[in-house]
Amino acid sequence: MTPKNNLGNESYHLILAIAQVGRQFPLKPSLQDVEIFQHYFDPLGNLTDLDKRDGNCSRRELLLRYLLVNAVLDQGPDTEGVRTLLTRVTNELYRQEVRFLHRPADFFKELGIAVDQINSVHEAIKKVRAVDWAKTNQSRPSRYNLFLDNTRQVLNYAIFRWGTPLAVPLLLIRDNQEEDWVHTALLRYLETWPSAEQMSQQLKDHPRYGLGKAIGDKAAHLYAKWMNHSYALSTRTDLAWGPYSFEVPFDSNAGRVLWRTGFFLQWASLDEYARWKVIYKGQGKGGLDYLRITNIRGKSSVRAQAERSLLQAYQDLCVNYLKTHHRAPKTVEIQRIPIAILLDNGQYTPGDLDDGLMYIGTRFCFNHDAPLCNQCPISNHCCGHQSDAKLIRGYRT
Ligand code: SF4
């Protein structure tokens, strides 16, 4: 791959290499395991007839409701475990006629059934996955817990993490009873925003329909990714709802890969990261430096401003795709640099990049000092592996 320009050559090669891995190994929730969705797929495994009615909703609407719950739950420690939990609880609830995606109020009406199912499925998953999870993460099996915030109380988890995203379509329907609104209420609401990026921000922040603390920035962006990349559920066809219309959903896995490979240090210094509270000296496991990568959000790179072609791609991204600015911004936020690189190149998308980061972060780049670098598909591009082992050994996320 040859950069078209000088967009920080090392970053350019690295980001494209990760996105290429993501194109090869896409990661997304397996909707085909959800019994009510099985007939939505054709023999080749593609979703079909998305606007066809399924009871009181369109197929597209039901998928969006399900994925919203999935995005909120996905903030836990074991993505595969979380997705299994949601799939199995959904199947069990529908078998008992608790049709909570079609009628979100049913989840609250039958809260006893929902809580029992969440509890028993969680215990079953823990039995199967806890030992392997602990080995991979150098932890103890007893610490395996898919309820977020390390809570042990199923009621809190059920109401806060399941109930809040289900209450969004519930409230939208209560607020507007017109027949042609009800069966696509969530879809219509989401698509009122000028871009997928703005939609993801409003998912969290909107004063009436926002999920607030139930969803983080990463999960809101993950939802935008599933909607516009993985499952192409959006009906809008403009640039602001296309493949470059949302930020990559950075979490600690993605952040760890981008830190160890040296990407972040190409755009700001160690001192800047310490000042921004991205690095907490000596506060990580074993006295190592703790990285809080999510604190990079909104921080600007002076170095990036000096890269003329990067700045132009970035400005195009913000004004025409993310629609977060009316005029070309003068400063460059670090978390958007990868998307500007991808947009400039045009070969891969932010969805591909996120898939690559997840694939590498969860299968090779473990959060301890012995990641599987020799098997990692981007080891040739990784500064931590090639030349600066402190990037691996000195930090934990
Ligand atoms: S080479 Fe090693 S440190 Fe670098 S991204 Fe891969 S697993 Fe992580």
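Residues numbered from 1 in each chain as written. Predicted model: local features only at pLDDT ≥ 70, side-chain atom pairs only at ≥ 80, totals over all residues. Heavy atoms only, no water.

**Student:** I keep staring at the overall build of the chain and nothing clicks. Help me out?
**Tutor:** Secondary structure assignment for the chain yields 18 helices and five strands. Taken over C-alpha atoms, the radius of gyration comes to 21 Å for the chain, in line with the 21 Å a tight globule of 397 residues would show. Taken along its principal axes, the extent of the C-alpha atoms in the chain is 60 × 50 × 40 Å. For the chain, with 397 residues in total, the buried portion stands at 56%. Total accessible area on the chain is roughly 17,100 Å²; 48% of this is exposed by carbon and sulfur atoms. Both charge centroids of the chain, one from 49 positive and one from 42 negative side chains, sit 5 Å from each other. (Helix = DSSP H or I, 4+ residues; strand = E, 2+ residues; numbered from the N terminus. Rg over C-alpha atoms; globule rule 2.2 N^0.38 Å. Buried < 20%, exposed > 50% of the residue type's maximum accessible area, 1.4 Å probe, protein only. Areas by Shrake-Rupley, 256 points an atom, 1.4 Å probe, with all protein chains shown as cover. Lys, Arg positive; Asp, Glu negative; His and termini not counted. Charge placed at Lys NZ, Arg CZ, Asp CG, Glu CD.)

**Student:** What am I meant to see in the side chain of S245 here?
**Tutor:** With respect to the helices and strands, S245 occurs in the loop between α10 (217-230) and α11 (252-260). A distance of 2.6 Å separates a polar atom in the side chain of S245 from the backbone oxygen of G242. Setting aside anything within four residues of it in sequence, one finds S245 in contact with A196, E197, N228, L239, A240, Y321 and L322. (Polar contact = N/O pair within 3.5 Å; in protein donor to acceptor, adjacent residues only side chain to side chain. Contact = heavy atoms within 4.5 Å.)

**Student:** Hey, could you run me through the sheet that holds strand β3 (residues 279-280) in this one?
**Tutor:** Strand pairing in a sheet is mediated by backbone hydrogen bonds. Such pairs are either parallel or antiparallel. The strand order across the open sheet built from three strands is β3-β4-β5, with neighbouring strands paired in mixed fashion. Each of the sheet's edge strands pairs with one partner strand only, and the pair in question is β3 and β5 (395-396). (Pairing = 2+ DSSP bridges.)

**Student:** I tried to follow a positive patch on the surface on my own but got confused; where do I start?
**Tutor:** Together, R140, R143, R152 and K285 line one region of the surface with positive charge. Take R140: it is sitting in the loop between α5 (111-136) and α6 (154-175). For R140, a relative accessible area of 52% corresponds to the exposed category. (Patch = residues over 30% accessible without salt bridge, like charges linked within 9 Å, V, L, I, M, F, W, Y side chains within 5 Å. Salt bridge = Lys/Arg side-chain N within 4 Å of Asp/Glu carboxyl O.)

**Student:** What is the right way to read the domain arrangement of the chain from this model?
**Tutor:** How large an interface is tends to be reported as the accessible area lost when its parts come together. Here the chain is partitioned into domain 1 (9-20 + 248-396) and domain 2 (29-192). Between domain 1 and domain 2, the C-alpha centre-to-centre distance is 30 Å. (Domains from an automatic or database assignment.)

**Student:** Whenever I open this one, the packing of aromatic side chains confuses me. Can you help?
**Tutor:** Aromatic ring pairs are reported here in terms of the distance separating the ring centres and the angle at which the planes meet. All told, the structure shown has 21 aromatic pairs when counted by the stated rule. Between Y189 and W193, the aromatic rings sit 6.1 Å apart at their centres with planes inclined by 90°, giving edge-to-face as the arrangement. In this structure W193 comes out as buried when scored by relative accessible area, which is 18%. A centroid spacing of 5.2 Å and a plane angle of 70° characterise the contact between W259 and Y395, whose relative ring orientation is edge-to-face. You can see W259 sitting in helix α11 and its partner Y395 sitting in strand β5, a full 136 residues away along the chain. You'll find W259 and Y395 in the same group, each marked buried. An aromatic cluster is built from F250, W259, F263, F264, W267, Y273, W276 and Y395, whose rings are joined through pairwise contacts. Note that K28 overlies the ring of Y231, its terminal NZ or CZ placed 4.8 Å from the centroid. (Phe/Tyr/Trp six-rings, centres within 6.5 Å; stacked < 30°, edge-to-face > 60°. Lys NZ or Arg CZ within 6 Å of the ring centre and 35° of its normal.)

**Student:** Whenever I open this one, the site of the ligand confuses me. Can you help?
**Tutor:** Around the ligand sit R260, T261, F364, C365, P371, C373, C376, I378, S379, C382, H385 and I392, and those are all the residues in its vicinity. The residue makeup of the shell around the ligand, split by class, is eight nonpolar, three polar and one charged. (Near = heavy atom within 4 Å. Nonpolar A, V, L, I, M, F, W, Y, C, P; charged D, E, K, R; others polar.)

**Student:** What is the right way to look at the nonpolar core in this model?
**Tutor:** Generally speaking, nonpolar side chains in soluble globular proteins are found buried as a group. Membership of the largest hydrophobic core comes to 75 residues, with the highest contact counts inside it found for F37, W162 and Y223. In contact with W162, not counting residues within four places along its chain, are V69, L73, L85, L86, V89, F107, I118 and Y157. By size, the runner-up hydrophobic cluster in this structure holds 55 residues, among which are L14, I296, L357 and Y395. (Core = buried A, V, L, I, M, F, W, Y, C linked by side-chain atoms within 4.5 Å.)

**Student:** Would you explain the pattern of salt bridges in this entry?
**Tutor:** When the charged atoms of two side chains lie near each other, side chains of opposite charge can form a pair. Taken as a whole, this structure holds 20 salt bridges when the rule is applied. R83 is the partner of D74 in a salt bridge, and the nearest nitrogen-oxygen pair spans 3.1 Å. R83 shares its class with D74; the two are buried. Among the ionic pairs, D355 bridges to K225, the shortest N-O distance being 2.5 Å. Taken together, the residues D355 in helix α16 (residues 350-363) and K225 in helix α10 connect sequence positions 130 residues apart. Both residues of the pair, D355 and K225, belong to the buried class. What emerges from the salt-bridge pattern is a single network uniting D74, R83, K218 and D251.

**Student:** Whenever I open this one, the environment of W133 confuses me. Can you help?
**Tutor:** By the secondary structure assignment, W133 is in helix α5. Between the C-alpha atom of W133 and that of Q117, which follows or precedes it by 16 residues, the distance is 22 Å. Once you skip the residues sitting within four places of it in the chain, W133 turns out to touch P77, D78, S139, R140, R143 and Y144.

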